[in-house]
Each structure stands twice: as C-alpha cells, then as structure tokens.
Amino acid sequence: MTQRDTTLMLVEGEQLPVVDDTDVLVVGGGSAGLCAAASAARNGARVTLLERYHHLGGMASGGMVLVLDDMVNEGNEIVTTGLVTEFVERMERQDGAVYPPPEDCQTNWEMWQKWSRWGCIDFHKAGMPQPIIHAVAFDPDAWKRVSLDIVRETGVNLRLHSWFSDALVANGRIEGVIVQTKAGRQAIRATVVVDATGDLDVGIAAGASHVDGQYIVTTVFRLCDVNTDRAEAFEYANPEEYKKLDRAARREIGGAWGMWWLKTPLPGVVWCNCPHMPGYDGISVEHMVAAEYEGRDRMMNLLRFARENLPGFENARMLGAAEQMGIRQTRLLQGEYIVTKDDITSRRHFRDTVCRGRDYYTPYRALLPKGIDNLIVAGRHYSVECEAQKLSREVPPCMAQGEAAGIAAALAIKGDTPLRHVNYRAIQKRMRAQGADPGDIPSPNALVEEPVVAK
Ligand SMILES: Cc1cc2nc3c(=O)[nH]c(=O)nc-3n(C[C@H](O)[C@H](O)[C@H](O)COP(=O)(O)OP(=O)(O)OC[C@H]3O[C@@H](n4cnc5c(N)ncnc54)[C@H](O)[C@@H]3O)c2cc1C
C-alpha cells in the first residue's frame, strides 16, 4: 500500500482513506468526461477519472446511443473534430464505425437507399430524400475499448466502480470529493474538478445554481438475426405497404423517431432508438424502475409485431436493452452564461466560443458555475435552457465541450488561477493545436454580434 492510500481525512467525524490527490479530477466517464480527462492529461496535468460503472462511455456506450450526430453545419462543413475525429478513426480501425465518404454526401434517392438506414441523414431537413451527411454509426463495445486505450495512453488514473457522493467545499472551492465504493467511502483531493456526470451531481453537491429539466427517456435496445438486405429491399420495392406496416410498428412501440431501426457495424444487428417515454424524472429511483418495466414491455411488443409482419424480421431476436436507461435531460447548470433557444436557432456566435456543434456555438462561460472557483462542467448538463439543451446535447458536441474543459482545467493548474480567469483565447488556441474546432471563427451563416453580457 502506498503512502497516499493510507492518508486519512476526517469528514464529519469519520476517518476516510484519501485514495488520490490529483491536479484534475474528472467525475463521470461518459463522452464528455473521457475527452476532458484525455485533453487535460495531454496538456500536462495529472488527471484522475472517476466512473460509477465498469465501463466508459455513458450514454454513448452504456446507453447504446449508436449514431454520432450534429457534426456538420448547414454548409456541410465538419465542425466537431479533434478528439471526435480521433475517436471515429480509432473505432473504424476496429471495424466499429461506419460513415459515408464525402462523395456520398448528396441529396438523391440512390444515396438515400445506400445510407439512410445507417442514420447518416440530415433529419432536420423537411422533404424527401433528406440529405446524406457526415454522421457515424458505431459499435458500443468499440467505444469502450477505444476509451480504455486512450486512458491508458494518456496516463489518466482510472477509478471505475466509484460513485461520487459528495463535495467538500470551503471558501468557494471544492477541496475534494467523497466517493462510495464496495470497499467503503473514500476521499479524493483535487485542485480542479470537472463535473461530467450528465446530471450535475458535483455542481449540485457544491451548491451550484441549476434548473430541473426533463425530456423523454428511452430503453434503447438492439435486435439480432435481422435480414437487413431483405428488409430494405421490401421497403424500397413496396413503399406504400411498408409505410403502413411501419406506422403499425411504431404504434406498438409507442413513440419513435422517423426510423425506428437502423443498421449497426455488426451484420444482422439493428439499433432501435425507442420507445419515447415522457413524464419520467431521470433522477428518481421510483421513476426509473417504472420506466424499466414500461420500456421492456414495449420493446417486446414491437419485436412480436416485427417477427409476424415485417419482411426481414421473421427470425429477429432480442439482443438486449442498453445497460443504462437513456436519459436525455435532468438538471442543468445555470452558470456564468445560460445558452438560450434563440442562441441556438439564430446561430449566435460568442466571442468566448470554445467549442461548437451543428450550427451552434458554446461560450466558455456556459461551462462555468457561479461562485465555485475550481469547478467546470462538460456535457449534457451545461449551462443552457431546457428547450435549448434538447437541440444541443448530441454526443460529438458533448465531446468537444469535454476537450475544451480539459484544456481549461490544465491551464488553470499551470497558471495557478481560478477557472474564470483562464483566457478563452488560450483555450481556443490549444483546441486548434489539437485539431479541434473551437468555433472562434464563425461560419458564414452565423449571427455575429457584440459579445453578450453574462446573465
Ligand atoms: C435515448 C437517447 C438517444 C440519443 N440519441 C442520440 C443520437 O442519435 N446521436 C447523438 O449524438 N446523441 C444522442 N443522444 C444524446 C447523447 O447521447 C448524450 O447527450 C451524450 O451522450 C451525453 O454525454 P455526457 O458525457 O454529457 O453524459 P453521459 O453520457 O450521461 O455520461 C455521464 C457519465 O457520468 C457517470 N456518472 C454519473 N453520475 C455519476 C456519479 N455520481 N459518480 C460517478 N460517475 C457518475 C455516468 O455513469 C456516465 O458514464 C441521445 C440520448 C439518449 C438518452
């Protein structure tokens, strides 16, 4: 046992072992947290990454959200690069990612038939066929493997099976956190903390302002032994009959986007990003148990219907539901700047933009809570209005937020300065050096105004 392992911290009369003392502690190993950890480590910080489950990826892997969206703006310019690109290329090398080559990104029926069932379409566009765009279908286990490879290579200290439970706050700073493990409660000291829990767990414990958001939840699942060639051939040869069957299938599942099944990199395995279940609070144990029952009942209804009625699905079987309930929105930070729906829809550009998604820009201030000097957030719980979050929460922009937050954390350590004093231009510069697009240069369709004053 090392000296560090035996250090004790007295918390409310209880002696807790201090299992780590680090520059940057990232809480949550989802897409945003992994990128924050890797980015901070590559910028010279000692980093610890904390995750409650046995795998990395959060919604992207454990929640089986299997298409990377919101990567291009209207001009078909790829806007989420850096670690996003690295991730895609690494998964592709393991046969775990599929996406259209640039020459296939067109709007015609030929490309529609080739790519729509991979989910590589611009679903924001009305009219058919929708344009084929750069989006990536991936395999959840490839995501987990690539995450572990990156953690190992960057020297990040990984602590899985560790559930963040409280923050130790003094004088507007988080001095450390308390973690629940099978081996009991443990303490970790950190100079800077990145909250990448998706639900603002650290921010709430430290007293950050927030709103309680809510959106549909989903028990995502996959079916195997589907003859996708046959299913697609039937759909294109009998569009009217297919439409009727598809409508009936969607009634069985009770709520789904336009395409309830999509192909995955595994032959014969399809991804079902449904059902849509409104009215559930992703923080409530009671609600999540009820959603589990409801979601699984609906999945089996759909499977039965598909086997009996849909060509290509005759031998389909349930491969299984995602390990994690699909939670889109819970608690959102109300930080130094709160991104509005109008910011997103008008494509408002901010002088301190440090990352971006499809035609939207994220200011550095939207990652910073008020009143806590050494905490930064990254991911779906960033500082944003509920309606705006629904439009800006996809995996690649969450990764870009993580990459920027990791840089900010490392710069704060280097400069021995509070996060709010880190120069956003320095973050933009490092993002570019890492191959990421910080959004400092607005696209031609952006709304460029004088910088908005913090709320
Ligand atoms: C059903 C569904 C479908 C979606 N479809 C798409 C899509 O098609 N394309 C797309 O790009 N995006 C999609 N999204 C959105 C996207 O998946 C998420 O917004 C994004 O993955 C969020 O990433 P994150 O890292 O911010 O949070 P999460 O992925 O939620 O990661 C948070 C991590 O923190 C860990 N954690 C949480 N609390 C604690 C704690 N107390 N202690 C320790 N660890 C903790 C979690 O286990 C998890 O690993 C979808 C989302 C859902 C739910």
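Because the structure is a prediction, the values reported are computed rather than measured.

### A short note on the sheet that holds strand β5 (residues 97–98)
Part 1 of the argument: On the basis of which strands lie adjacent, the open sheet formed by three strands has the order β4-β6-β5 and antiparallel pairing. Two strands in the sheet have a free side with no partner beyond their single neighbour: β4 (67–68) and β5.
Part 2 of the argument: Where β4 meets strand β6 (residues 136–138), two bridges bridge the pair, whose relative direction is antiparallel. Within β6, the residue paired with Val67 across the bridge is Ala137.

### With respect to the site of the ligand
Part 1 of the argument: Near the ligand there are 39 residues, and of these Gly28, Gly30, Gly58, Gly326 and Gly379 occur at the shortest range.
Part 2 of the argument: Elements that contribute at least two residues to the shell around the ligand include exactly α2 (31–42), β4, β8 (163–170), β17 (326–327) and α12 (395–415).
Part 3 of the argument: It is α2 that provides the largest number of residues to the shell around the ligand, a total of three residues.
Part 4 of the argument: Across the shell around the ligand, the residue classes break down as 16 nonpolar, 13 polar and 10 charged.
Part 5 of the argument: Counting the residues that make up the shell around the ligand, at least three belong to each of domain 1 (3–61 + 144–213 + 331–448) and domain 2 (216–327).

### Brief notes about helix α5 (residues 140–154)
Part 1 of the argument: Between its terminal C-alpha atoms α5 stretches 21 Å, which fits the 21 Å expected from 15 residues at 1.5 Å a residue.
Part 2 of the argument: Every buried residue of α5 is accounted for by Pro140, Ala142, Trp143, Val146, Ser147, Ile150 and Val151.
Part 3 of the argument: If you follow the buried residues of α5, they end up packed against α2, β3 (47–50), α3 (83–93), β5, β6 and β7 (157–159).
Part 4 of the argument: Downstream of α5 by a residue or two, Gly155 has a phi angle that is positive, lying close to 75°.

### Describing the nonpolar core
Part 1 of the argument: Within the largest apolar cluster, 132 residues are counted, with the highest numbers of intra-cluster contacts made by Val24 and Ala409.
Part 2 of the argument: Tallying contributions element by element places α12 first for this core, with 13 residues.
Part 3 of the argument: In terms of domain composition, this core takes at least three residues from each of domain 1 (3–61 + 144–213 + 331–448) and domain 2 (216–327).
Part 4 of the argument: Setting aside residues no more than four positions away along its own chain, Ala409 makes contact with Val24, Ala40, Ala45, Val192, Val194 and Ile376.

### A word on the domain arrangement of the chain
Quite often, the size of an interface is put as the accessible area lost when its parts meet.
Part 1 of the argument: If you check the domain split of the chain, you get domain 1 (3–61 + 144–213 + 331–448) and domain 2 (216–327).
Part 2 of the argument: A straight line from the C-alpha centre of domain 1 to that of domain 2 covers 33 Å.

### Quick word on the sheet that holds strand β13 (residues 221–224)
Part 1 of the argument: Spatially, four strands are ordered β14-β15-β13-β16 in an open sheet, and the strand pairing comes out antiparallel. Where the open sheet ends on each side, the last strands, each with one partner, are β14 (262–263) and β16 (317–321).
Part 2 of the argument: In this structure, β13 lies alongside β16, joined through four bridges in antiparallel fashion. Bridge pairing in β16 places Arg222 opposite Gly320.
Part 3 of the argument: Lying on the sheet, helix α9 (residues 285–309) is in contact with β13 and β16; it crosses β16 at an angle near 160°.

### A closer look at unusual backbone geometry
Part 1 of the argument: Across the junction of Met128 and Pro129, the peptide omega takes the value -5°, indicating a cis bond.
Part 2 of the argument: As for its placement among the helices and strands, Pro129 is situated in the loop between α4 (109–115) and β6.
Part 3 of the argument: A positive phi angle is found at Asp70, which is not glycine, with a value near 60°.
Part 4 of the argument: Inspection of the secondary structure puts Asp70 in the loop between β4 and α3.
Part 5 of the argument: The phi dihedral of Arg347 is positive, around 60°, even though this residue is not glycine.
Part 6 of the argument: Among the structural elements, Arg347 can be located in the loop between α10 (341–345) and β19 (348–349).
Part 7 of the argument: The partly exposed category is assigned to Arg347, around which 19 C-beta atoms lie within 10 Å.

Each value, and the rule that gives it
- Residues numbered from 1 in each chain as written.
- Predicted model: local features only at pLDDT ≥ 70, side-chain atom pairs only at ≥ 80, totals over all residues.
- Pairing = 2+ DSSP bridges.
- Helix = DSSP H or I, 4+ residues; strand = E, 2+ residues; numbered from the N terminus.
- Near = placed C-beta within 6 Å.
- Nonpolar A, V, L, I, M, F, W, Y, C, P; charged D, E, K, R; others polar.
- Domains from an automatic or database assignment.
- Expected span 1.5 Å × (residues − 1).
- Buried ≥ 20, exposed ≤ 12 C-beta atoms within 10 Å, placed from the backbone.
- Contact = placed C-beta atoms within 7 Å.
- Core = buried A, V, L, I, M, F, W, Y, C linked by C-beta atoms within 7 Å.
- Axes fitted to C-alpha atoms, helices over the stretch in contact; angles between N-to-C directions.

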